[in-house]
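Architecture and fold: a report
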Amino acid sequence: MAKKDSKKKASDKKARIAEKTARKTSKKEKKSNKKGAGAEADEEDVDLDSVLEEYARQQALFLKVTETPLTAPPPVRANATLAAAPNGKELLLFGGETFNGTIAKFFNELFVYNAAHDEWRQVTSPNSPLPRSGHCVTMSQHGGGGGGAGGNAGSMWLFGGEFSSPKQGTFYHYNDFWRFDVGSREWARVESKGGGGGKGGGSGPPARSGHRMVAWKNYILVMGGFQDTSSTTKYLSDLWAFDTNLYTWAAITLPAHAQRPDARSSFSFLPHEQGGVLFGGYSRVKTSSIPSAGPKKGGGSKASSGSVAWKPVIHQDTWFLRMDQDLTKVRWERRKKPGNPPNPPRIGVTMAWHKGRGILFGGVKDEEDSDEGLESTFFNDLFAWGIDRNRFFPLVLRKPRVQKKAGNERGGGRRDRAREAEEDLLRNLKTLEAVGKDTADDDEQEEEKKEEEKKPIKEQVISLDLPHERFNAALAVLDDVLYIYGGTWEKGDREFTFDEMFSIDLGKLDGVRTIFSRKDETMWDESEDEEDDDDEEDDEEDEEEDGDEMEVDEDEEPEKMQIDEAEIELRRKEKALKKPKSRDPEQPPETPEVQEPEPAEEPAEEASLDKTPHPRPFESLREFFARTSVSWLEMLIAEQEIGAHKNKTVKELRKEAFSVAEEKWWACREEIRALEDEQEEAGIGEVVSLAEAGGSGGGGGAGRRR
């Protein structure tokens, strides 16, 4: 009897789902028609050129550059850019947009966040970019004027982006190019000496958004993106280089037979000492369905040849851009499929560069073949992508380790002298960070640091849970700390823009610190009754679904079913924690995209660091460099003999040795962390750490075990 009842309920449930699907489809069609009607009115009533001219006129009312302290963080926004200033002290937040279901609003404010003081400031200028989102920025020490109180504090370069009329009936893509001087706080529109950069095109890159930029030596590189018109979306694969010395744009052309990435937007593009590395991205490709009656495939627009559709492609390939000062020698090199990539593949991820690796967060996977049109799954995973090794490592938050007390606090002895020598070495290396500056400048910086240390910072909430799932969050790494700002999440037809900012210490991974978190107060313009009805139906279906399972389970081992699910979930979590220790399977996820062929061989840089010193478990960056500094210096001196470092002084070589060792230490961090976890579980962590650190003399052994 129970089985008959469950079958009846299952058929009723299918009917309810079909009815709900039809109702949702009808609702979306009505909303689409309403939006289309609004778009027509919008196109007739709004002239984007006049709107942008009014923005420019309002901007010109600012007579000088001002920097105003704020009592609260910036207002909520999505699709803004967050970048770490080259001075290592500030984050720069620019642009963005909000959308309430009907009206879109764009911004062009620049906000500066001082991490040491936990302070926000707003910078206004009579000359700044117009409102936009979907733009891209990158930092560089090249090409700046070096003026202002901040000296040569570096520059932030900005290109492109998009703007729309309030009801998004018409879109406008920018192709203007800007430089923001971090020291003087001044914006300057960059006009190419070849005549590019204007609204009409010229010699610079065409207008776009969703593109990416990196700085390499004296070049700013722009790649990819898309152009959106009222009829279609065009994805781009072109590569441009701007020379910050000559102030000229150059389109990098490749031989016809040369390999190159497919057109895409929203990919990850990170700097490398030899150029740049690219991962992932999104595009849509035109496909045609197979006709039922045998005409030629792809036979034009005739109905008999099948309908044309645009299929989404989630790219999972990686590429290495090998740069050269002679731009005719620039080449793309395809790499092997990355090891242990985020699974399932996703779009809307954000990746920030951090000392030889990329830090990836969030994303969304859309399923467009369901009955309801689109089903989205959002993520809040955190990964580190080792650039040279082309491998992903999941970053797992953990409780802080209990630090042991110093074993010898009496002072003196060989270990104390070694520790003092290491501290002296570190101080010397710190002073080398300001190469070319006067002693007076160094003293001023030391005084500023002391003042910053004195100023109290408000207590921040710490959690071992990663931020809520989202896509298109803004990421930046400042002083080995990852900052996550904003992002978007969807529920039903509504978009939620997160009005919050978090930080994660990448060295400790001891939790997520909340810098600020506010509720999104945006009033969504849609029928609340329909949304409430959908939510209530979802709840009812969930309850009935649970009831159905219980009735069926009563007939067949209910206890075992519940226990198995709990055990499976527990094992999944344990497997996720142990994942870095095991070799990743090469499993292509199920996606609607066409799988791309793997290359025959890896680039040489992926195996080059195998010959260099390797960090040891429980070894700090200081200890690693103190142990291996001679090896790094010998390597750099050997390169100097062949001309790679001809003009380097001894101090500059030591500074560069520390920089190379630091990148290696961070590149191996997740593997070493996994070894540390294994050793701690075995109860031998501190014994190994002391032995591996090379400590000599008495006092070691069993007495130092935890």
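For the structure, check the block above.
Below or above, wherever it landed, is the structure these notes cover. (Residues numbered from 1 in each chain as written. Predicted model: local features only at pLDDT ≥ 70, side-chain atom pairs only at ≥ 80, totals over all residues. Heavy atoms only, no water.)

If you walk through the whole model with that rule in mind, you get 5 cavities of 30 Å³ or more. Roughly 150 Å³ of internal volume is contained in the largest cavity. Residue lining of the largest cavity: 17 residues in total, with Phe279, Gly280, His315, Arg346 and Val349 positioned closest to the centre. Those elements that provide at least two residues to the lining of the largest cavity are β19 (275-288) and β20 (308-322). Residues of the lining of the largest cavity, tallied by class, amount to 9 nonpolar, 7 polar and 1 charged. (1 Å grid on protein atoms, 1.4 Å probe; cavity = no way out; pocket = protein on both sides within 12 Å on 5 of 7 lines; lining within 4 Å. Points joined across faces, edges and corners; volume = space filled by probe spheres on them. Helix = DSSP H or I, 4+ residues; strand = E, 2+ residues; numbered from the N terminus. Nonpolar A, V, L, I, M, F, W, Y, C, P; charged D, E, K, R; others polar.)

Further remarks concern the packing of aromatic side chains. Here the distance between the centres and the angle between the planes together describe a pair of aromatic rings. All told, the structure shown has 32 aromatic pairs when counted by the stated rule. Measuring from centroid to centroid gives 6.3 Å for Tyr235 and Tyr282, while their planes differ by 75°, and the two rings are edge-to-face. Of the two residues, Tyr235 sits in strand β16 (residues 233-243) while Tyr282 sits in strand β19, which places them 47 residues apart along the sequence. On the basis of an interplanar angle of 85° and a centroid distance of 6.5 Å, the ring pair of Trp319 and Trp332 is categorised as edge-to-face. Of the two residues, Trp319 is situated in strand β20 and Trp332 in strand β21 (residues 331-334); the sequence distance between them amounts to 13 residues. The buried category is assigned to Trp319, whose relative accessible area is 3%. Take Trp332: its relative accessible area is 6%, and that puts it in the buried class. Here the aromatic residues Trp157, Phe159, Phe177, Phe242, Tyr247 and Trp249 are joined through ring pairs into a cluster of three or more. (Phe/Tyr/Trp six-rings, centres within 6.5 Å; stacked < 30°, edge-to-face > 60°. Buried < 20%, exposed > 50% of the residue type's maximum accessible area, 1.4 Å probe, protein only.)

Reading across the sheet, the 5 strands line up as β28-β34-β33-β30-β29 and stay open at both edges, with antiparallel pairing between neighbours. The sheet terminates laterally at β28 (461-463) and β29 (474-478), the two strands that pair on one side only. The mean angle between the axes of side-by-side strands here comes to 25°, regardless of whether they run parallel or antiparallel. Of the strand pairs in this sheet, strand β33 (residues 499-505) and strand β34 (residues 512-518) are connected by 6 bridges, and their pairing is antiparallel. Paired with Phe502 across the bridge in β34 is Thr514. (Pairing = 2+ DSSP bridges. Axes fitted to C-alpha atoms, helices over the stretch in contact; angles between N-to-C directions.)

For Ile462, the position within the fold is in strand β28. Residues Ile462 and Thr514, spaced 52 residues apart in sequence, show a C-alpha to C-alpha distance of 6.5 Å. When residues no more than four places from it in sequence are discounted, the contact partners of Ile462 are Asp510, Gly511, Val512 and Arg513. (Contact = heavy atoms within 4.5 Å.)

A word on helix α10 (residues 669-681). Between its first and last C-alpha atoms α10 spans 18 Å; for 13 residues at 1.5 Å apiece the expected length is 18 Å, and the two agree. Residues of α10 that are buried include every one of Arg669, Glu670, Ile672, Arg673, Ala674, Glu676 and Gln679, and no others. (Expected span 1.5 Å × (residues − 1).)

Take the pairing of strand β6 (residues 110-114) next. The two faces of the sheet receive side chains in turn, since in a regular strand these alternate between them. Within β6, 5 of the 5 residues are buried, which leaves it mostly tucked inside the rest of the structure. Side chains Leu110, Val112 and Asn114 of β6 all project onto a buried face; the interleaved residues Phe111 and Tyr113 project onto the opposite face, where all are buried too. With 5 bridges joining them, strand β3 (residues 90-94) and β6 adopt antiparallel strand pairing. From the neighbouring strand, Leu91 faces β6, where its bridge partner is Tyr113. Both β6 and strand β7 (residues 119-124) contribute to a ladder of 5 bridges, which runs antiparallel. Within β7, the residue paired with Asn114 across the bridge is Glu119. In textbook terms, the turn of a hairpin is the stretch between consecutive antiparallel strands, and for β6 and β7 this stretch comprises 4 residues, one of which, Asp118, has a positive phi near 55°.

The biggest cluster of nonpolar side chains holds 28 residues, and the ones touching the most others in it are Ile359, Leu382, Leu395, Leu482, Ile484, Ile504 and Leu506. Contributions of two or more residues to this core are made by β23 (357-361), β26 (382-386), β29, β30 (481-485), β33, α8 (621-641) and α9 (650-667). In terms of residue count, α9 provides more of this core than any other element does, 6 residues in total. Split by domain, the residues of this core number at least three in each of domain 1 (62-287 + 308-399 + 459-516) and domain 2 (612-682). (Core = buried A, V, L, I, M, F, W, Y, C linked by side-chain atoms within 4.5 Å. Domains from an automatic or database assignment.)

Only one face of β21 is buried: it carries Trp332 and Arg334, and the other face, with Arg331 and Glu333, is open. Direction of pairing for β20 relative to β21: antiparallel, over a ladder of 4 bridges. Each residue of the ladder has a partner; that of Arg322, found in β21, is Arg331.

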